[in-house]
Amino acid sequence: MTIVRDGDTAGGLREEAAPSAPGSFRTVYWVGDAVAGRLRMIDQTLLPNRCVEIDCEDVESVWGAIKRLSVRGAPAIGVAAAFGAVIGARTADSDDPAAIREALRTAAAHLRTSRPTAVNLFWALDRMEAAADAAIREPRGPLLDRLLDEARAIAEEDRAMCRAIGRFGAELIDEGDGVLTHCNAGGLATADYGTALAVIFTAHELGKAPRVFADETRPLLQGARLTAWELVNRGVDVTLICDNMAAQVMKEGKIRKVVVGADRIAANGDAANKIGTYGVALLAKAHGVPFYVAAPSSTFDLTLADGSGIPIEERDPREVTEGFGLRTAPEGVAVYNPAFDVTPAELIAGIITERGVISPVDAASVRAMIGKPAAGS
Ligand code: MRU
């Protein structure tokens, strides 16, 4: 990769001339040490046409990257925010650990306002604040090192969780299954490998030859731009459809399973995911197709009894009226642009986690799998 231009998000932009080889890209990672290092990520707003990395060296750049979806997908947002907390901690104007702790608190409070729905953002920042509390007696250098270790651990654990989700989920996929997915829950949405796409990648690697249908996912086209890119790069059989074609494709018998990701899952299994997911779940029920959610334990919010309390992000109307620069609606039209919806637990055949598959999906099963520490932790 070569640096192609300076960006307003900080140190510079790096560009790959061609799409990445299968699995070769790194979604979001840290470069350098805790004191002088930086957060590096693929700018997903430019995919699939350009694969550009951007660097973030201040909290505002990290906030902006999350807000405009340069980094997106629940687990990847959490990883980016964790590294953003390291950046925030080191902005303290004194070496006093209490000042560093306060700088981290201020940064975390700001990062918490970037996007409301994915609970992984809040989960990761809570972990960073707890790590700072535990190391509060350390001098500046070791304290920052400890924070960077924690952020790296969050990324590493996410990688491992994705692999485990892939293994559990692939058991649900039969030879040659048509599998529908919505939005992007792949390597670009996580530290590596994905959740819903981990299921598909693992089934593919096991020789089950899944045939994937990817909803394009209006209005920001994460399915067309990101999921299709990842699947094509890995040599998985993928067919792109517009969101409003899913019913017809199911009626034609081409879909045997639906697998999607999640941004926040309540204690009873109600699951928030990209807008349109609820509609897909209803279609799946109408056509007798099992609908699965794939998500790590970090995506569960057990403080919410059901999905009615999940905050739904509302985004800029221009994403609907002039997405990607082309105006497609008249000036002055009213627009409603919720970015997520909530699929009720009763429509979900199973939630594929790194600990196993939750099925049936109800409060008791969620509590049995998630409402206790993971084995070995
Ligand atoms: O708005 P986005 O692109 O961040 O929405 C992403 C999704 O809805 C994903 O399906 C979800 O975060 C799961 S990612 C493993």
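Structure's up top.
Predicted model, so just to flag it, every value in this text is computed and none were measured. (Residues numbered from 1 in each chain as written. Predicted model: local features only at pLDDT ≥ 70, side-chain atom pairs only at ≥ 80, totals over all residues. Heavy atoms only, no water.)

> Where do I start with the packing of aromatic side chains in this structure?
A ring pair, where both rings are aromatic, is described by two values, the distance of the centres and the angle of the planes. Scanning the model with the defined rule gives 3 aromatic pairs in all. Ring geometry for F25 versus W229: centroids 5.2 Å apart, planes at 40°, classification tilted. Highlighted residues: F25 in the loop between strand 2 (10–16) and strand 3 (28–31) and W229 in helix 7 (residues 222–233), separated in sequence by 204 residues. Of the two residues, F25 and W229, neither departs from the other in class, the shared state being buried. Cation over ring: R163 sits above Y193, and NZ or CZ is 3.6 Å from the ring centre. (Phe/Tyr/Trp six-rings, centres within 6.5 Å; stacked < 30°, edge-to-face > 60°. Helix = DSSP H or I, 4+ residues; strand = E, 2+ residues; numbered from the N terminus. Buried < 20%, exposed > 50% of the residue type's maximum accessible area, 1.4 Å probe, protein only. Lys NZ or Arg CZ within 6 Å of the ring centre and 35° of its normal.)

> Please clarify how helix 9 (residues 277–286) should be interpreted in this entry.
An α-helix turns once every 3.6 residues. As a result, residues three or four positions apart point the same way. Considered for burial, the residues of helix 9 that qualify are T277, V280, A281 and A284. Buried residues along helix 9 cover an arc of 100° about the axis, so they all sit on one side. Relative to its buried face, helix 9 has exposed residues pointing more than 90 degrees away, namely K285 and A286. Just downstream of helix 9 lies G288, where phi reads positive at about 70°. (Arc of directions from axis to C-beta.)

> In this structure, what is going on with the nonpolar core? I would like to understand it.
In summary, soluble globular proteins display a tendency toward joint burial of nonpolar side chains. V28, L39, M41, I66, V71, M128 and L147 are the most contacted members of the largest nonpolar core, which has 49 residues in total. The element contributing the most residues to this core is helix 2 (residues 74–89), with 12 residues. Residue contacts for V71: discarding those within four places in its chain leaves V28, M41, Q44, A65, I66, A76, I77 and A80. One finds A246, A262, A284 and F291 within the second-largest nonpolar core, a separate group that totals 29 residues. (Core = buried A, V, L, I, M, F, W, Y, C linked by side-chain atoms within 4.5 Å. Contact = heavy atoms within 4.5 Å.)

> Can you walk me through the sheet that holds strand 14 (residues 340–343) in this structure?
Hydrogen bonding along the main chain pairs the strands of a sheet, whether they run parallel or antiparallel. Read across the sheet, 4 strands follow the order 13-10-11-14 without closing on themselves; strand pairing throughout is mixed. Here the strands that pair on one side only, and so sit at the sheet edges, are strand 13 (300–301) and strand 14. Where strand 10 (residues 264–266) and strand 11 (residues 271–274) come together, 2 bridges link them in antiparallel fashion. Bridge pairing in strand 11 links I265 to A271. (Pairing = 2+ DSSP bridges.)

> Before we go on, may I ask you to explain the pairing of strand 7 (residues 211–215) in this structure?
For strand 7, the buried fraction is high: 4 of the 5 residues fall into the buried class. In this sheet, strand 7 lies alongside strand 6 (residues 178–181) in parallel orientation, the contact comprising 4 bridges. The partner of T181 across the bridge, within strand 7, is A214. Viewed along the sheet, the connection from strand 7 through helix 7 into strand 8 (residues 237–241) turns out right-handed. (Right-handed = clockwise from strand over helix to strand, strands pointing away.)

> Help me understand the site of the ligand, please; the structure alone is not making it clear to me.
Taken together, 18 residues surround the ligand, and among them R72, A74, R115, N273 and K274 come closest. Here G73 contributes a backbone N or O atom positioned 3.0 Å from an oxygen atom of the ligand. At a separation of 2.8 Å, an oxygen atom of the ligand approaches a polar side-chain atom of R115. A total of 420 Å² of accessible area belongs to the ligand in isolation, and the protein chains cover 100% of it. Within the residue set of the shell around the ligand, elements represented by two or more residues are helix 2 and strand 11. Of the residues belonging to the shell around the ligand, the class tally is 7 nonpolar, 7 polar and 4 charged. Shared between two domains, the shell around the ligand holds at least three residues of each, these being domain 1 (2–161) and domain 2 (166–370). (Near = heavy atom within 4 Å. Polar contact = N/O pair within 3.5 Å; in protein donor to acceptor, adjacent residues only side chain to side chain. Areas by Shrake-Rupley, 256 points an atom, 1.4 Å probe, with all protein chains shown as cover. Nonpolar A, V, L, I, M, F, W, Y, C, P; charged D, E, K, R; others polar. Domains from an automatic or database assignment.)

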